[in-house]
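# Understanding the architecture of this molecule
Single-letter residue listing:
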Amino acid sequence: MAAAASHQQQHRHPKRRRLALALTTSPTPDAAPPLDALADELLFLVLDRVAVTDPRALKSFALASRACHAAESRHRRAVRPLRADLLPAALARYPCATRLDLSLCARVPDAALSSSSCSASAIRAVDLSRSRGFGAAGVAALTSSCPELADLDLSNGVDLGDAAAAEVARAKGLRRLSLARWKPLTDMGLGCVAVGCAELRQLSLKWCLGVTDLGIQLLALKCRKLTSLDLSYTMITKDSFPAIMKLPNLQELTLVGCIGIDDDALCSLEKECSKSLQVLDLSQCQNITDVGVSSIMKSVPNLLELDLSFCCPVTPMVRSFQKIPKLRTLKLEGCKFMADGLKAIGTSCVSLRELSLSKCCGVTDTELSFTMSRLKNLLKLDITCCRNITDVSLEAITSSCTSLISLRMESCSRVSSNALQLIGKHCSHLEELDLTDSDLDDEGLKALARCSKLSSLKIGICLKISDEGLTHIGRSCPKLRDIDLYRCGGLSDDGIIQIAQGCPMLESINLSYCTEITDRSLISLSKCTKLNTLEIRGCPMITSTGLSEIAMGCRLLSKLDIKKCFEINDVGMLYLSQFSHSLRQNMTIVHLAGITPNGLTATLMLCGCLTKVKLHEAFKSMVPPHMIKNVEARGCVFQWIDKPFKVEMEPCDVWKQQSQNVLVR
């Protein structure tokens, strides 16, 4: 099987071979090779263009000759190894690389970071945000071997604390640092970072529960060049605020879920003024009211973005928005509006470019229509789950805000299919559109085909659409990268084939519970070489034939959901193990009747970048324990599902009705 697959691959991408031959073959015996005649700057421009079209083509280019191999080595600026044990060889192979991305390596032991110390002198950015297994010794090896280090992401280091922070402090030139979820970190460790990394511009301390006001005050005293600070879900109180607000260059302050922030904290800033602050996020700060919000508005006259999602009722505070006339983005997700609250936003915030009213209570046609008539320059609007609005609101939106590039209106169930056609007729600049769980039909999709710039389209649970409507999208939206067709029961292979043929840039597609989809769809999608996310849960007619084509054609595939694809067997899994080495996120393979422990074992052992795998409980006793330990040692987490095997699935319309009944109750 592997030999046949290899032979098939040789004939799949002739363009790569032609590129390498064109750059290495001399026109005549006496002429200098074109590759040697090109300056590196020109050659790198060519390789940049090639990488945009097909990143794998660079590998083919490097194999063409020694000159190509050396040129590709000099060209590469980012290294992204599949496994930690490959790190030393990768850095030696690409000595000019400046960025090290270890996000595919679920486990990176200290030894791996120490063994690569002699080859990392050019590295300026390191991403360890998805990796575990290293401690203070590994961090020490990293900072000592990368003297030019300016960008370090150590997020999710839940076991890292003050000792590791002291080693981070040795990187004197750091500009950007993330210590998110370092739960053992205390003020002592943060103090080391503050003293050692005085050049910091961006810092994230999200979920650092051991950090207090004392550490933040020292940080503000030492790191005067900070422009961005994330203190979300920390235990800070009002004692931190004066020091923070005195940071002369602070532009972005994120305080999501800070329960120690209340009206007293915000009111204490009345005499402080931060002219540099442009972005303020107070979402989920449940202890603040309109009194505190009104107070802080006086202290940030140049604010451009404000997030008050899931905070206090909006209406009493809207008058204070007049104090920030430059406001461009306002997010009020989950807030409650009382009479005339939304109208006041339309009157006070005429410069808005982005407005989020997702899940807001009290949004009515009258108030939303008035607000839209005032915000004619709006570019992004989110009215997800505003269930009381009707066609009246959508008519106002499409007639007043014709420059919209993003419109999200999932579950706006009272808007009719006729009104949805207005979106395509009047908002042709749209790049992102979410009409999930709406009354959209084929005529609506035909109208949306005028939005030729669409890159993201979410139309899941739209039970009236068919292949005819999807064909219009495939023929008119070539820039589409993400499409969600979850539970669109009226679709078949014909519509998906039109999308695959007309949208070559496609990166993500959700076909879950589209029960009429067969291998024909997957064979067509296998030509979309940039596809990295495929969700085909509950597609019972898909077999290993289609999955094998995806594995061979979509080599960038990183997320796969094949739960309840009953016809997939070991053959499909073996193709995944052979070709899909980029699988790195969740892989859900529950309720696949044809898969044996052998096929599963091969996939788990060869797909070394997986971080989470969902398996049925029945496999637990069949898979060798040493194999499970081996995979877990790489950082992968197993989730065992104990659900009865069920072949029959509810039709999409029945499922939707059941979901609506739950909402009503």
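Keep in mind that what you see is a predicted model, and the values were worked out from it rather than measured.

### Topic: the overall build of the protein
Helix and strand content of the protein: 28 helices and 23 strands. Each of the 665 residues in the protein was classed as buried or not, and the buried ones make up 53%. The long-range fraction of contacts in the protein, counting pairs at least 24 apart against all pairs at least 6 apart in sequence, stands at 73%. Surface exposure of the protein reaches about 27800 Å², of which carbon and sulfur atoms provide 52%.

### A look at the packing of aromatic side chains
Evaluated as defined, the whole model comprises three aromatic pairs. Measuring from ring centre to ring centre gives 4.5 Å for Trp207 and Tyr233, while their planes differ by 5°; the resulting arrangement is stacked. Of the two residues, Trp207 sits in the loop between β6 (202-204) and α12 (213-222) while Tyr233 sits in the loop between β7 (228-230) and α13 (241-245), which places them 26 residues apart along the sequence. Considering the side-chain rings of Tyr575 and Phe579, the 6.1 Å spacing of their centres and the 25° angle between planes classify their relative orientation as stacked. Remark: Phe579 and Tyr575 occur in helix α25 (residues 570-579); sequence separation between them is four residues, near one turn of the helix. No difference in accessibility class separates Tyr575 from Phe579, as the two residues are buried. Sitting over the ring of Tyr94, Arg76 keeps its end group 4.4 Å from the ring centre. Residue placement shows Lys183 over the ring face of Trp207; its charged tip is 5.9 Å from the ring centre.

### Considerations on the packing of helix α18 (residues 391-400) against helix α19 (residues 417-426)
A pair of packed helices is captured by two measures, namely the crossing angle of their axes and the spacing between those axes. One can describe the packing of α18 onto α19 by two numbers: an axis separation of 9 Å at closest approach and a directional angle of 5°. It follows from the interaxial angle that α18 and α19 lie roughly parallel. Residue-level contacts link Asp391, Leu394, Glu395 and Thr398 of α18 to Ala419, Leu420, Leu422, Ile423 and His426 of α19. Residues belonging to the contact of α18 with α19 are distributed by class as follows: five nonpolar, two polar and two charged.

### What about the pattern of salt bridges?
In total, this model carries 18 salt bridges according to the counting rule given. Across the pair Lys359 and Glu333 runs a salt bridge whose closest N-O atoms are separated by 3.5 Å. One end of the pair, Lys359, is in the loop between β12 (354-356) and α17 (365-374); the other, Glu333, is in the loop between β11 (329-331) and α16 (341-348), and 26 residues separate them in sequence. The exposure class of Glu333 is partly exposed, given its relative accessible area of 23%. Among the ionic pairs, Asp482 bridges to Lys458, the shortest N-O distance being 3.2 Å. Placement of the pair is Asp482 in strand β17 (residues 482-484) and Lys458 in strand β16 (residues 456-458), with a sequence separation of 24 residues. The network of salt bridges with common partners includes Glu72, Arg76 and Arg93.

### A few points about the environment of Cys360
Note on placement: Cys360 falls in the loop between β12 and α17. Along the sequence, Cys360 and Ser309 sit 51 residues apart, while their C-alpha atoms lie 9.3 Å from each other.

### Focus on unusual backbone geometry
Look at Tyr233: it is not a glycine, yet its phi comes out positive at around 60°. At Lys564, a position not held by glycine, the phi torsion is positive, near 65°.

### Here's the deal with the side chain of Asn510
If you trace the backbone, Asn510 turns up in strand β18 (residues 508-510). Classification of Asn510 as buried rests on a relative accessible area of 10%. Polar contacts involving the side chain of Asn510 include one to the side chain of Asp484, which spans 3.5 Å. A polar atom in the side chain of Asn510 sits 2.9 Å from the side chain of Ser512. Among all residues touching Asn510, those that are not within four sequence positions of it are Ile483, Asp484, Leu485, Tyr486 and Glu535.

### A look at the environment of Ser512
With respect to the secondary-structure elements, Ser512 resides in the loop between β18 and α23 (519-525). A residue is classified by how much of its surface remains accessible, and Ser512, at 2% relative accessible area, is buried. Sequence spacing of Ser512 and Lys563 is 51 residues, and the spatial spacing of their C-alpha atoms is 9.2 Å. With sequence-adjacent residues up to four places away left out, Ser512 is seen in contact with Leu485, Tyr486, Arg487, Glu535, Ile536 and Arg537.

### Remarks on the environment of Ser476
Relative to the helices and strands, Ser476 is located in helix α21 (residues 467-476). In contact with Ser476, not counting residues within four places along its chain, are Ala449 and Ser452.

### Considering a nonpolar patch on the surface
Among the surface-exposed residues, Leu38, Leu42 and Leu45 lie close enough to one another that they form a single nonpolar patch of about 270 Å² accessible area. With respect to the helices and strands, Leu38 occurs in the loop between α3 (34-37) and α4 (40-53).

### With respect to α17
Because an α-helix completes one turn every 3.6 residues, residues spaced three or four positions apart along the sequence face the same direction. Looking only at α17, the buried set comprises Asp365, Glu367, Leu368, Ser369, Thr371 and Met372. On its buried face, α17 is in contact with α16, β12, β13 (380-382) and α18.

Parameters and conventions
Residues numbered from 1 in each chain as written. Predicted model: local features only at pLDDT ≥ 70, side-chain atom pairs only at ≥ 80, totals over all residues. Heavy atoms only, no water. Helix = DSSP H or I, 4+ residues; strand = E, 2+ residues; numbered from the N terminus. Buried < 20%, exposed > 50% of the residue type's maximum accessible area, 1.4 Å probe, protein only. Contact = heavy atoms within 4.5 Å. Areas by Shrake-Rupley, 256 points an atom, 1.4 Å probe, with all protein chains shown as cover. Phe/Tyr/Trp six-rings, centres within 6.5 Å; stacked < 30°, edge-to-face > 60°. Lys NZ or Arg CZ within 6 Å of the ring centre and 35° of its normal. Axes fitted to C-alpha atoms, helices over the stretch in contact; angles between N-to-C directions. Parallel < 35°, antiparallel > 145°, perpendicular 65-115°, else oblique. Nonpolar A, V, L, I, M, F, W, Y, C, P; charged D, E, K, R; others polar. Salt bridge = Lys/Arg side-chain N within 4 Å of Asp/Glu carboxyl O. Polar contact = N/O pair within 3.5 Å; in protein donor to acceptor, adjacent residues only side chain to side chain. Patch = residues over 30% accessible without salt bridge, like charges linked within 9 Å, V, L, I, M, F, W, Y side chains within 5 Å.

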